[in-house]
Every structure is written in C-alpha cells, then in structure tokens.
Amino acid sequence: MPPSAASPINISAVDARRVLLHLQGLASPSVRSSAKAVYAIVERLGYVQVDSINVLERAHHMILGARLDGYRPAHLAHSLEETRTLWEHWTHDACVIPTKWYPHWKHRFDGYSERVKRSSWWRSHFDDDPAKTIRRTLARVKREGPLKARDFEPPANHRSAGWWEWHPEKAALEHLWRSGRLGIARRERFEKVYDLAERVFPDAHGLSRSSVRDHIDWACREAITRIGIATPTEIARFFAAVTLVQARAWCENAVNSGELIEVLVSSEQSGTKPTKCVALKNWKALRGEPSSQSIALLSPFDPVIRERTRVERLFGFEYRFEAFTPAAKRVYGYYVLPMLEGDALIGRVDPKFDRAEGMLIVRGPWWSPGVKANQERTRKLAAALDRLAGQIGAANWTLTPAHRQPPV
C-alpha cells in the first residue's frame, strides 16, 4: 500500500488481538444458543468451516459451541435445512455461509465450471467422457430428487484408495455442487445429500450475479468488518473470493476515501518489525478487555486461529495442525486445541472422544512459556473440559499428562 498523507497510527498487538476477539465473538459472555442465535453468530463470523475429521467433534459444531451456551447441532440444522437462511459452499474450504450472499458466489460457480476443463486432477476422477458423466449425473438428480454419492453404483473396476479417490459420479456431484448447479439439501451422518440448486434455494438461485466491482467491494468490506485490523493478504484470504492485487487496490481506495486508516501493528514475536495494516476507523471502540474468568477451547479450524502468521504475530503463539503429520513426528498431538484465557492463548490440550466408552480422553495440558499452572487455571481448565464433554455427549473426561514434553 502506498503511504497516506497522515503517518500510520501505531497499534499494539494486545489491542489488535482484542479487536479481533471482539469481532469474532470470543470477547463477550456467551449467549444462549438457539436457531436465531446460531444464524447471528455465523453472520457475525462471516463463515463457519465444515470439516470431516470426527476424532472429537465436527469443526463447525465446536466453533459455534465455543460462542454459544447450550449449543446443539439441531440449532444449525434449522437454518441449513428448514429456513435455508444458511447454506454450505466453498470459501478457503467448505463452510456454512449466510444465504443472502448467494449472488456473490456466482462468480465462484463460473470459475468451478471452467476448472474441470483445465484441471488434470478433476479430469482424472471422471471416466473417458467427463461431459457425458456430468450430464448423466445431473439428469438423474433432476429425475429422482435428492441423492447421495452412494446412490450411484461405482464402476466395476473402481478401487477406492482413500478419501479423495472418488468414483466418476461422486466427482460429478462435487463438481456440480461447486459450480452451483447442485446444492446440499441436507447431510445424513455427515454425508452430503445433493439436489438441484433451484429446488434447494429457489429464491437465492434466481438472483442475478453481482458485478465484478460490487463483488470485490463486498468481499473486502465484509472481511475487514469482521477482522477490524488486517493486511491486504488477510482481507483477500478471508473469503478467498478476490485476488491480492484486487484487495490491495481496494485498501488503497478505502484509505484515500477515509473509510479506513493505515496502521502499524506491533508483534509479540521478539525482533519482528511492526506490520503495515489497514483498520476500521472505530477500532478503539472494538478493543474491550475480554473476561479471564474462564478458558475457551478453540477448534483447530476456528476463524480466530486460521491465519497462523497472524496468531504468532498478535498472540505470540505458534500453532500447527498435526493431524496429517506422521504420529512419530507430531510435537503435541493429532487434534490439538488452543486454550484461550481472556485475550491470551495460554496453552493447548490434545483431546479424543472414545465413543464406545463415552469418555473424553485428554492429553496435556502444555502451558505456554510464562504461564503459571496455578490452582485457579487448573479449575478453569476442568470447567472447560466439563463444557466440552457436555457438548459432545461424553459421560466423563480424563486428563493424562503427556510423557513427552515439546521443546520450549
């Protein structure tokens, strides 16, 4: 970004992370969950990521459960499957999104429609005639109504070797979903049930695609509104809907028009220079001090910790998702949850839900350097594990100290 007429304002990492936590719904007391409250928090966050890993609980349920008291999956299902005020599609990954933004996703639909022609990965998952497979799959959904991938018979020579080894019709269903011709009517045991988009979202489907200019303005403004203080890269990556060049140009125009201000944000990492960012003009009003009366356990996919570089810069907390790291090379564990106390990430635990025994098994905790593992923190961690066990349906939990302590 080119320099503005005024010198950038200096903002501390503490103030910047307090703004982020406030806007992302983690700095104020939880509200009682309901279908209405779930919709409100998804809109506030911008999206809630959906993930298939179920060693503990699905990511979207954990994200919502960290912000809503008494959250239940049925509260989300109401908006996804009944009122259709929320829907599922792609940002940086599969996410739950407010349906009112559907016209902006038509830009993404167009991109996915062309991707199958250019991508060798996609072409390799169809049979010899991708266009024919797509037409045949779409025609069957149109004729029969909502269908799952398992409703299509895989070819006799198909051998699935993993999660992404889709048979041709499964690949066609995914492509038709991503390109906007199919929608997810519901999920059954997490398996997608596809139907024609015009039947799933009759009102939203008929809306015109936003203009390119309006789309860029929407993506950047909605992103900074939910982050508060951000780099152009973070703004571009928020919905993964615009390019970095487009985000930089938008930020420059927003600063020049007085909508945003330029700032320099300090870092909690020793020896790191301040980071140039743009900020909402009212950022000071958004930096309330979060309560430290409890500990929140954050999903690995929580939007607050999604940007790992930002987490290290603002919280001084290094976090890596190790589920896909070979077990012998993991530092902490498979599905590690950061612990948030007030405005600080104070450590982590590695939980697993033994469903057969109804037991939440937790390794750890690993406290961050400088954090005292006193009696009060131990009590707050126990209360957090009580809440987590209740949310996922575990009868009890056990905490086992890890044998191997990672290097400080």
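Engineer: What am I meant to see in the pairing of strand β14 (residues 344-354) here?
Structural biologist: Remark: a regular strand shows side chains that alternate across the two faces of the sheet. Burial analysis of β14 places eight of its eleven residues in the buried class, which makes it a mostly covered element. Sheet topology places strand β13 (residues 337-341) next to β14; five bridges connect them, and they run antiparallel. Each bridged residue has a counterpart across the sheet, and for Leu340 the counterpart in β14 is Leu345. Count of turn residues in the β13/β14 antiparallel hairpin: two residues, of which Gly342 carries a positive phi of about 65 degrees. Bridge analysis of β14 against strand β15 (residues 359-367) gives seven bridges, and the strand direction is antiparallel. Residue Phe353 lies in a different strand from β15, and its bridge partner there is Leu360. Counting the residues that bridge the hairpin from β14 to β15 gives four residues, and of these Gly358 lies at a positive phi of roughly 65 degrees.

Engineer: Can you help me understand the pairing of β13 in this one?
Structural biologist: Across the five residues of β13, five count as buried, placing the element largely inside the fold. Here β13 shows two buried faces, one formed by Leu337, Met339 and Glu341 and the other by Pro338 and Leu340. In terms of strand pairing, strand β12 (residues 295-297) meets β13 through three bridges, oriented antiparallel. Bridging across to β13, Leu297 finds its partner in Met339.

The rules behind each value
- Residues numbered from 1 in each chain as written.
- Predicted model: local features only at pLDDT ≥ 70, side-chain atom pairs only at ≥ 80, totals over all residues.
- Heavy atoms only, no water.
- Buried < 20%, exposed > 50% of the residue type's maximum accessible area, 1.4 Å probe, protein only.
- Helix = DSSP H or I, 4+ residues; strand = E, 2+ residues; numbered from the N terminus.
- Pairing = 2+ DSSP bridges.

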